[in-house]
Amino acid sequence: MVSDKANEKDIAELDELINKRYAEGWELVTYDYMATSTQFVGAFIVTFRKNVGET
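Residues numbered from 1 in each chain as written. Predicted model: local features only at pLDDT ≥ 70, side-chain atom pairs only at ≥ 80, totals over all residues. Heavy atoms only, no water.

Participant: Would you mind showing me how to read the environment of L28 here?
Facilitator: Considering the arrangement of structural elements, one finds L28 in strand β1 (residues 26-34). Residue L28 is classed as partly exposed on the basis of its relative accessible area of 32%. Counting along the chain gives 21 residues from L28 to R49, while the straight-line C-alpha distance between them is 6.7 Å. Beyond its immediate sequence surroundings of up to four residues, L28 is in contact with I18, V46, T47 and F48. (Helix = DSSP H or I, 4+ residues; strand = E, 2+ residues; numbered from the N terminus. Buried < 20%, exposed > 50% of the residue type's maximum accessible area, 1.4 Å probe, protein only. Contact = heavy atoms within 4.5 Å.)

What follows is the structure, encoded as structure tokens:
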């Protein structure tokens, strides 16, 4: 059975993305996990903004 819920691999990928973007000078604004009403895999929606104070 296919699940649309986030699993440990999904969480690890999100964590890696957040850390990578932070190292590049981006700030996490918001994130959400969008599950689907069908049996397709859901997705993370992630928004970053460039840190203005970064040099």
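Participant: Would you take a moment to explain the pattern of salt bridges for this structure?
Facilitator: Opposite charge on two side chains permits pairing when their charged atoms draw close. In the structure shown here, the tally under the stated rule is three salt bridges. E13 serves as the salt-bridge partner of K9, at 3.4 Å between the closest nitrogen and oxygen. One end of the pair, K9, and the other, E13, are both in helix α1 (residues 8-23), four residues apart, so they sit about a helical turn from each other. Owing to a relative accessible area of 43%, E13 belongs among the partly exposed residues under this scheme. Between R21 and E24 there is a salt bridge; the shortest N-O distance is 3.2 Å. A residue is classified by how much of its surface remains accessible, and R21, at 26% relative accessible area, is partly exposed. Assessed through its relative accessible area of 38%, E24 is described here as partly exposed. (Salt bridge = Lys/Arg side-chain N within 4 Å of Asp/Glu carboxyl O.)

Participant: Please explain the side chain of D10 as it appears in this structure.
Facilitator: Mapping D10 onto the fold places it in helix α1. In contact with D10, not counting residues within four places along its chain, are K5, Y33 and F44.

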